[in-house]
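# Survey of secondary and tertiary structure
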Amino acid sequence: ADYLFVSTQLARKLPQLPVSRIILHFRTPWPRQSFQYVQQDGSQSHTHKRGVFTFVVNFGGVLLLFLLGLFVNSSGSVQDAIVHVAAAALIGYTVLLHTQLFNI
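Small disclaimer: the values here were computed from a predicted structure and weren't measured.

Moving on, we get to the overall build of the protein chain. If you tally the helices and strands in the protein chain, you get four helices and zero strands. When its helices and strands are written in sequence order, the protein chain yields α-α-α-α. By the burial criterion, 3% of the 104 residues in the protein chain qualify as buried. Surface summary for the protein chain: the accessible area is close to 10,000 Å², and the carbon and sulfur share equals 69%.

So, in structure tokens, the structure goes:
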């Protein structure tokens, strides 16, 4: 990361400054990332399930926001039609559930 810092570039061009020595000796405290393959045992198999669950939840959220955006950007008559159909379906399924629940 020496090429990212302006202070490192100045320290290389002006090595006679006392602070240049300090700057040139600086190294990041973070270890270098290892790209070696680590074999996983069976104890880490739950992370795959969590990853699939996270993917499904994120995909569902993105899809819901996309559909909400389509709904908001549609014309007023289309919005009214969608609201009426959704309300009729909600009321209809509520009535159906109650008739099955109470055996009317």
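Attention shifts here to the environment of Phe-26. Here Phe-26 shows up in the loop between helix H2 (18-25) and helix H3 (46-73). For Phe-26, a relative accessible area of 49% gives the class partly exposed. When the C-alpha positions of Phe-26 and Thr-8 are compared, they lie 9.1 Å apart, and in sequence the two are 18 residues distant.

This part takes up the packing of helix H1 (residues 6-13) against H2. Look at H1 against H2: their axes get within 9 Å of each other, and the N-to-C directions meet at 125°. On the basis of the axis angle, H1 is oblique to H2. Handedness of the crossing formed by H1 with H2: left-handed. Along the contact surface, H1 presents Ser-7, Thr-8, Ala-11 and Arg-12, while H2 presents Ser-20, Ile-23 and Leu-24. Residue composition of the contact of H1 with H2, grouped by class: three nonpolar, three polar and one charged.

Glancing now at a nonpolar patch on the surface. Taken together, the side chains of Val-52, Phe-55, Val-56, Phe-59, Leu-63, Phe-66, Leu-67 and Leu-70 present a nonpolar region at the surface, about 800 Å² in accessible area. In this structure, Phe-55 sits in helix H3. Residue Phe-55 is classed as exposed on the basis of its relative accessible area, which comes to 56%.

Before going further, it helps to spend a moment on the environment of Arg-12. Within the secondary structure layout, Arg-12 lies in helix H1. A relative accessible area of 51% means that Arg-12 is categorised as exposed. Arg-12 sits 11 residues away from Ile-23 along the chain, and the two C-alpha atoms are 9.2 Å apart.

Rules used throughout
Each chain has its residues counted from 1, following the order in which its sequence is written. Only residues with pLDDT of at least 70 are given local features in this predicted model, and only at 80 or more are side-chain atom pairs given and counted; all residues enter the totals for whole chains, interfaces and linings. Side-chain metrics in this entry use all non-hydrogen atoms of the structure; hydrogen atoms and water are not considered. Every helix listed is a DSSP run of H or I at least four residues long, and every strand listed is a run of E at least two residues long, numbered separately from the N terminus. Accessibility here uses a 1.4 Å probe with only protein chains present; expressed as a share of the type maximum, an area under 20% marks a residue as buried, one over 50% as exposed, and anything in between as partly exposed. Accessibility throughout is a Shrake-Rupley quantity obtained with a 1.4 Å probe, and a residue counts as covered only by protein chains that appear here. In this analysis, axes come from line fits to C-alpha atoms, helices being fitted only over the stretch in contact, and the angle between any two N-to-C directions falls in the range 0 to 180 degrees. An angle below 35 degrees is treated as roughly parallel, one above 145 as roughly antiparallel, one from 65 to 115 as roughly perpendicular, and anything else as oblique. Each crossing gets its handedness from the near helix: less than a right angle anticlockwise from the far helix is left-handed, clockwise is right-handed. Working rule for contacts: check all heavy atoms of both residues, and any pair within 4.5 Å makes them a contact. Each residue gets one of three labels, nonpolar for Ala, Val, Leu, Ile, Met, Phe, Trp, Tyr, Cys and Pro, charged for Asp, Glu, Lys and Arg, and polar for the others, Gly among them. The patches described consist of residues with a relative accessible area above 30% and no salt bridge, like charges being joined within 9 Å and nonpolar side chains (Val, Leu, Ile, Met, Phe, Trp, Tyr) within 5 Å. Note on definitions: salt bridges are taken to be side-chain nitrogens of Lys or Arg within 4 Å of carboxyl oxygens of Asp or Glu.

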